[in-house]
Amino acid sequence: MRSGPLGTRTYLSRNAGKTVPLVAVIMLAAMLICSIVALMNSIPLSIRTIYRYTEESLVVGPRGDPTQTPRIVQKLNEEAPVKLDRIILCRVVSTVVHSIVGKWPFTVVGLEKDDMMYILKRQGITSWSGRLPDDGAAEAVISEPVARNLNLKIGSTLLGPDKDDGYSPHNVKVVGILHSDRWMMFTDVEYVRENHFPPLDVVLAFAPDLKQQHKLDLWADKAFKGDRAGVFTYEQLDRDTTQMFHILYKILDAVVAILVMVITIMMGMLINIHQSQRIVEFGLLQALGYTKKQLIYRVIGETTAVMALGWIFGLMASYVLLNILKRILMDPNAFALDVFDRMAYAYTIPIPFAILLVAIATVKQRFKRFDPVSVVERRLV
Amino acid sequence: MIIQARGASLTYNDHGKTVYACRDANVEVHPNEFLGILGPSGSGKSSLLYLLSGLKSATSGSIVVDGQSIGRMSDEDRSRLRLKIFGFIFQQPFLLGYLTALENVALAFSGPTDRDAAAKLLEHLHLGDKLDRLPHELSGGERQRVCVARALIGHPKVIFADEPTASLDHANGVQVVKLLNQHRGEGSLVMVTHDPSMLEGADRILRIEDGCVVEE
């Protein structure tokens, strides 16, 4: 920024009463848009975060027919395009977790101890508080985000006869908390087999690594099409989430565009009023010998500085606000929110540019037929 | 001569009717002279000053400044010329409210700001203790003296003063004109006024009536 009597810094700092409100409006506009987009993004982010544990395996269910399970296993063993690291048969119990848009379905996976240890290893989990469920016992182990989300601790009831969202004929107590940011709930498979209906074994197929898992998932999607087998992959979830939010993002774009337009019109009016108040200054300077071009550049320089300051402060304020939201609202419930959401910050870029364009047009229009004599003769004062 | 006006007229349109603010003016401004332009209110004396200083373009006739016809100059070139070789004082002591007295003076400096020269000039105009005051902290007379300093700071070839005493009482008015005349150095002073007593030190006086120079 230029300093000196007619420098940008001098004008902005000595007219803080006029420039600070302009900066504040742009700051609030940027903060508003950034927060809306970040909160909107937190929904698909939450979906991806909550179900990320499925990234490590292909899930194939027998569509209500228990006799299909051995055939699914056989097909996987014989036709899979990659060498399978492990196939696990599990049983699942439905429950829910909380999200900012209500309850979402989740599963408590019933596993044998060996299989549970394998999955924990695959998920990179090496430590936990408490212990893992005993064979056949009404016990469960859950991960830290699940514990925060459902407000559970060791000794709490995860499933039970009184729980509409997570029914089980016996109270299934939490006996361990896994130290991980992945969302997981495991119980003993024998308990599920003895107490839950229908008697369906679901197949989990593990490739040696994520790259090969991706190849396996793509193959399964096609290989089981039309078959009596329901395939669930993280790949599918990711694709479905993107599609699901496609329309929502179009609506978001329209809302942001309207917001930018409203803010731009409002700022254009404010800038116009602000410039009207400076008519004596412009007239005097032009009468003294400053060219229109110099004055236009000066005003554009000041406006650019105001826009840039407002926008930068807006980004900073957004970051602070998102952190506060994350700390107060999201983290305690284990909701996902990216405080460095680049898309949210990028959505604020049109604000300074739109306002600057309007400001430049306003300034040029004002100076087009501006006559300094009308000021020094006090006809315009 | 520095400025020569030949048959210069300034007209404006008043609801379809052409009105002469200044008609066929033939005026010369010589180096180092004090030229007074005297006339009643609405006689066109300010319009003549605007023509001579390039603040307005002549509707007809020519104005030559330092050998250059300002009628052929672009708006931008006329502005540059004003900043470079002219100084201005207007009826009202127009100052930028957010700048100090010293900074307001520096505004009219076409080269790099010379703080010491501006401060020295303000001291000569008895404002040495008010360099860092903002305009609202100064009296009307003090504000006009800052305007005088602003007009003088660039050592202009011609200083145009348009009723510089109009917003002041008589004593302050006399003091402002006296200071202006004292400190203009080699520069000419063209002063418009309706008060003959303000032109006591003038080398020449032009009398204007209804837009025409009627007497020298």
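Throughout what follows, the structure given in this document is the object of discussion. Fair warning: this is a prediction, and the values are worked out from it, not measured in the lab.

## A few points about the interface of chain B and chain A
In step 1: The interface is formed by 23 residues belonging to chain B together with 28 residues belonging to chain A.
In step 2: Summed over both sides, the interface of chain B with chain A buries roughly 2300 Å², with 63% coming from carbon and sulfur.
In step 3: Between chain B and chain A we count three salt bridges in total.
In step 4: Lys56 of chain B serves as the salt-bridge partner of Asp371 of chain A, at 2.7 Å between the closest nitrogen and oxygen.
In step 5: If you look at where chain B meets chain A, you find 10 residue pairs in polar contact (both at pLDDT 80 or more).
In step 6: When residues in the side of chain B that touches chain A are grouped by element, the largest group, six residues, is from helix α2 (residues 75-85) of chain B.
In step 7: Class assignment of the residues belonging to the side of chain B that touches chain A gives a composition of 12 nonpolar, four polar and seven charged.

## Describing the packing of aromatic side chains
In step 1: Tallied over the full model, the rule gives 13 aromatic pairs over all chains.
In step 2: For the ring pair Tyr51 of chain A and Phe106 of chain A, a centre distance of 5.8 Å and an interplane angle of 25° mean the geometry is stacked. Taken together, the residues Tyr51 of chain A in the loop between α2 (16-50) and β1 (58-61) and Phe106 of chain A in strand β3 (residues 102-111) connect sequence positions 55 residues apart. Taken individually, Tyr51 of chain A and Phe106 of chain A each receive the classification buried, so the pair is uniform in this respect.
In step 3: A ring pair is formed by Phe86 of chain B and Phe88 of chain B, whose centres lie 6.3 Å apart and whose planes are at 85°; its orientation type is edge-to-face.
In step 4: A residue is classified by how much of its surface remains accessible, and Phe86 of chain B, at 6% relative accessible area, is buried.
In step 5: Among the aromatic residues, ring-to-ring pairing joins Phe86, Phe88, Phe90 and Phe160 of chain B into one connected group.
In step 6: Taking NZ or CZ as reference, Lys75 of chain A lies 5.0 Å from the ring centre of Phe224 of chain A, over its face.
In step 7: Positioned over the ring face of Tyr20 of chain B is Arg23 of chain B, at 3.9 Å from the centre of the ring.

## Here's the deal with the pattern of salt bridges
Residues and elements named next belong to chain A.
In step 1: Under the defined criterion, the tally for this structure stands at 31 salt bridges over all chains.
In step 2: In this structure, Arg131 engages Glu139 in a salt bridge whose closest nitrogen and oxygen atoms are separated by 2.7 Å.
In step 3: The class of Glu139 is buried, set by a relative accessible area of 12%.
In step 4: Where Arg193 meets Asp201, a salt bridge forms, and the shortest distance between an N and an O atom there is 3.5 Å.
In step 5: Relative accessible area serves as the criterion here: at 26%, Arg193 is assigned to the partly exposed category.

## Regarding the sheet that holds strand β6 (residues 86-89) of chain B
Residues and elements named next belong to chain B.
In step 1: With mixed pairing, six strands are arranged side by side in an open sheet as β6-β7-β8-β3-β9-β10. Whereas interior strands pair on both sides, the edge strands pair on one side only; in this sheet they are β6 and β10 (212-215). Strand-to-strand twist in this sheet, taken as the mean axis angle between neighbours without regard to direction, amounts to 25°.
In step 2: Looking at chain direction, strand β7 (residues 158-162) and strand β8 (residues 188-193) are connected through five bridges and run parallel. By the bridge assignment, Ile159 is partnered in β8 with Leu189.
In step 3: Across the sheet, α2 is in contact with β6 and β7; its angle to β6 comes to roughly 85°.
In step 4: Contacts from helix α6 (residues 170-183) reach β3 (34-38), β6, β7 and β8, with the element oriented near 160° to β8.

Calculation rules
Residues numbered from 1 in each chain as written. Chains lettered and ligands numbered in written order. Predicted model: local features only at pLDDT ≥ 70, side-chain atom pairs only at ≥ 80, totals over all residues. Heavy atoms only, no water. Contact = heavy atoms within 4.5 Å. Buried area = accessible area lost by both parts, 1.4 Å probe. Salt bridge = Lys/Arg side-chain N within 4 Å of Asp/Glu carboxyl O. Polar contact = N/O pair within 3.5 Å; in protein donor to acceptor, adjacent residues only side chain to side chain. Helix = DSSP H or I, 4+ residues; strand = E, 2+ residues; numbered from the N terminus. Nonpolar A, V, L, I, M, F, W, Y, C, P; charged D, E, K, R; others polar. Phe/Tyr/Trp six-rings, centres within 6.5 Å; stacked < 30°, edge-to-face > 60°. Buried < 20%, exposed > 50% of the residue type's maximum accessible area, 1.4 Å probe, protein only. Lys NZ or Arg CZ within 6 Å of the ring centre and 35° of its normal. Pairing = 2+ DSSP bridges. Axes fitted to C-alpha atoms, helices over the stretch in contact; angles between N-to-C directions.

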